[in-house]
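# Coordinate inspection notes
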Amino acid sequence: MTQVTKTYGGGDAAVHALDDVDFNIEAGEVVVVMGPSGAGKTTFLTIAGALLTPTSGTVEISGVNITALSEKELPDVRRERIGFVFQSFNLLEALSAIENVTLVMTEGSPKSRGAVNRASELMNMLGLGHRLKSLPRNLSGGEKQRVAIARALANNPDLILADEPTANLDSKRGREVMQLLRQIAFEMHKAVVIVSHDHRTREIASRIAWLEDGTFRPDVATDRDPVCQRVVEVQGSPAFSYESRSYYFCSTQCLELFKADPAQQLAGKRQ
Amino acid sequence: MLLVARKNLFSEWTRLVISVGGVALSVFLISLLLSLYRGWDEKVGGFVEHSNVDLWLGSEGAEDFLTAASLLPTEGKEAEQAKEYLNAYPSIDQWSPMIVRLMQGVRVDRISATEEKIGSKIDIHFIGFDPNTRLGGPIEVIEGRDTPGPGEVIIDEKLGDRHGIGIGDTLRAGGRDWTVVGKSRGGDFIATQTVFVSHAEAQAALRMQGATTFYVIKVRQGVDPAQLGAALEDQAARNEAPIVTHTREEFAKSTRDRVTSNVLPILFVVLGLAFIVGVSVAGLTIYTATIEKAREYGILKAVGFRNTYLYRVVFEQSAVTALLGFAVGIGLTVGIGPFASDYVPQFVLFTRWQDVLLVAGVTVVMALIAAYIPVRRLGAIDPVSVFKG
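Residues numbered from 1 in each chain as written. Chains lettered and ligands numbered in written order. Predicted model: local features only at pLDDT ≥ 70, side-chain atom pairs only at ≥ 80, totals over all residues.

## Section: the domain arrangement of chain B
Residues and elements named next belong to chain B. Put simply, the rule reads: Residue ranges labeled as domains rest on an automatic or database domain assignment. Note on residue categories: nonpolar means Ala, Val, Leu, Ile, Met, Phe, Trp, Tyr, Cys or Pro, charged means Asp, Glu, Lys or Arg, and polar means any other residue, Gly included.
Domain parsing of chain B yields domain 1 (3–45 + 262–387) and domain 2 (61–241). One C-alpha centre belongs to domain 1, the other to domain 2; they are set 48 Å apart. When the residues that make up the side of domain 1 that touches domain 2 are grouped by side-chain class, the tally is four nonpolar, one polar and one charged.

## Focus: the sheet that holds strand β7 (residues 82–85) of chain A
Residue and element names in this part refer to chain A. Put simply, the test is: Any two strands are treated as partners once DSSP identifies two or more bridges connecting them. A run of H or I in DSSP becomes a helix once it reaches four residues, and a run of E becomes a strand once it reaches two; helices and strands are each numbered from the N terminus. The convention used is that axes are lines fitted to C-alpha atoms, helices contributing only their stretch in contact, and that angles between N-to-C directions extend from 0 to 180 degrees.
Read from one edge of the open sheet, six strands run β7-β8-β9-β3-β10-β11, paired in mixed fashion. If you trace the sheet from one side to the other, it starts and ends with β7 and β11 (215–217), each paired once. For this sheet, the mean inter-axis angle between neighbouring strands, taken without regard to orientation, is 25°. Of the strand pairs in this sheet, β7 and strand β8 (residues 159–163) are connected by four bridges, and their pairing is parallel. Across the sheet, isoleucine 82 pairs through a bridge with leucine 159, a residue of β8.

## Concerning the sheet that holds strand β2 (residues 15–21) of chain A
Residue and element names in this part refer to chain A. Applied cut-off: Any pair of residues counts as being in contact when their C-beta atoms, constructed from backbone geometry, are within 7 Å of one another.
Read across the open sheet, the three strands follow the order β2-β1-β4; overall the sheet is antiparallel. Whereas interior strands pair on both sides, the edge strands pair on one side only; in this sheet they are β2 and β4 (56–58). Here the average twist between neighbouring strands, direction ignored, is 20°. Here strand β1 (residues 2–8) pairs with β4 via two bridges, running antiparallel. Across the sheet, residue threonine 2 finds its bridge partner in β4, namely threonine 58. Taken strand by strand, helix α1 (residues 41–48) contacts β1 and β2, and its axis lies near 60° from that of β2.

## Remarks on the domain arrangement of chain A
Residue and element names in this part refer to chain A. Here the domain parsing of chain A yields domain 1 (2–220) and domain 2 (222–271). Taking the mean C-alpha position of each, domain 1 and domain 2 sit 30 Å from one another. Domain 1 puts six residues into the contact, and the matching count from domain 2 is six residues. Here the side of domain 1 that touches domain 2 is composed, by residue class, of three nonpolar, two polar and one charged.

## Overview of the interface of chain B and chain A
Facing 19 residues of chain B, the contacting portion of chain A comprises 23 residues. Elements with a contribution of two residues or more to the side of chain B that touches chain A: α1 (3–11) and α8 (294–302) of chain B. It is α1 of chain B that provides the largest number of residues to the side of chain B that touches chain A, a total of five residues.

## So, the nonpolar core
So the rule is basically this: What we call a nonpolar core is a set of buried Ala, Val, Leu, Ile, Met, Phe, Trp, Tyr and Cys residues whose membership is set by joining through C-beta atoms within 7 Å. Each residue is classed by its C-beta neighbour count within 10 Å, where at least 20 other C-beta atoms makes it buried, 12 or fewer makes it exposed, and intermediate counts make it partly exposed; the C-beta atoms are placed from backbone geometry.
Counting residues in each nonpolar core, the largest one holds 176 residues, and the members touching the most others are Ala150, Leu181 and Val192 of chain A. With 14 residues, helix α2 (residues 13–50) of chain B is the single largest residue contributor to this core.

## Overview of the pairing of strand β14 (residues 239–242) of chain A
Residues and elements named next belong to chain A. As defined by bridge partners, β14 adjoins strand β15 (residues 245–248) across four bridges and the pair is classed as antiparallel. Following the sheet pairing, tyrosine 242 is matched in β15 by arginine 245. With antiparallel pairing between neighbouring strands as the criterion, β14 and β15 make up a hairpin whose turn holds two residues, including glutamate 243 at a positive phi of roughly 50°.

Here's what the structure looks like:
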């Protein structure tokens, strides 16, 4: 992504959701994009995912300048070069787990043995070999997200874009999903971009990119809000010292909750 | 069929049953009304069409068989002149007078103490034909005698079936009692049925001595009845005798028009309503299904499916719904057709394959319209929306 700007509206009302952004990721890397709400993370993800066209700048995926492609050519880019993992899993409810995966390979045409084999292979790899025929409503949140990951990998894309992939999962399932994404990057040699507020994603990140006010800010020191667990920028955030350590908060509400009973807040999160 | 279309359609049986039911109801109504129209068309014009009369000659203003608004002389100077002409025409094979009178008769069940004939009233077309030429007589006698003698009638089988009249029973019509001696086929006009007596008996019973309703003509082979009719009309005009002639086809058509021209506007309105019902039910169920699945269509767009694919999904769902509805609707019409008139005599259904094709075409239009609005909605779905929780 080179010098990408996305502006909504015009004149005095113009909003720069992304402002002259440069971003690069290599195969085998996991980059976690963090930042406060309204920083431009979703805009960044949708432009990277060929769903939105930037106002200016270029976006290249595996050497293909997707900003030079016509609107009609973008669906092919999304299907073949990018895998999406969504916060709400976004599986098709009427289709079985394996059909959700084969669908993107066959474009919903009659079954192809090759597609079924690849989907089975992926699902076995993700520990879903026994859930091939299950409908999404019969799967747990973690299983649904693993099906979504299998779907994202189905066409063997170079880039995986994950939008808050752990937001709807408990901590154990969330950690499993994070490990899977890390494995995909390192072992399958994919570039994985994760947009997240979840501090646990830092554990698997090759690097963290902090997006704020439409630009990536280098060398931003971050910490985890001990109350809501969000990752917050150290500088400028409400802070409180407790037992010789400084804690940073996303808002004064979290700060006040912490102040009321720091020991319980820390103990609660440790559980 | 596309996987998504098939799964969406068959994963929700209640919705499928409602939408297929809506289309089936519509197809059933449309095909039933069309079949009913064809049935009436066939019956009403059938007698004239299948009779052995090539040319009908009536007094001016006589346009159809049902009203039989004609009166011609059989005696006197004019009649003799007419007979002379008819006998002289080399292209005429046979001719004879024929009486047709719409009237009410009584199926006599019993006779009261005051000699009153008591029974159910029946609407009939009382026909007097010449037993020698048999022109305008029963089309096919299926039971009993084929020629009625004095005081005897041949009734149409449908009259017998509907009112329980058999051979040997008494029928009162035209102020006289008649004994049923035969049954014929092909004289059912839905609302009325034919009752045949000899021309002389009809004249006497109806006090029509010296008069008849029509002169009916059979032409020699190779002769064009229309040309003969035109020549007869010219001849009559020269003698200031206002007559009209109708070929078999013309007379059958005008007889049909007498009934169907009144029914057609109503029929078209009901057909239109049935079509709207089908489009509405199918359209609404497909539209609500599309709206409910808007997020899923957004997902498909996000992961790389084109709008054309999504359109195909909706069109296929609509097409399969319409196809199933068509099969059920047509099946019902074809299934009940042969038995309907057994329970409701006026419910004469005649389903032609051309009409089945027509209804199939209407169903395709129904499917296209039902899919049109949902498809427009699909085009407006923003794939970016799937990133919002």
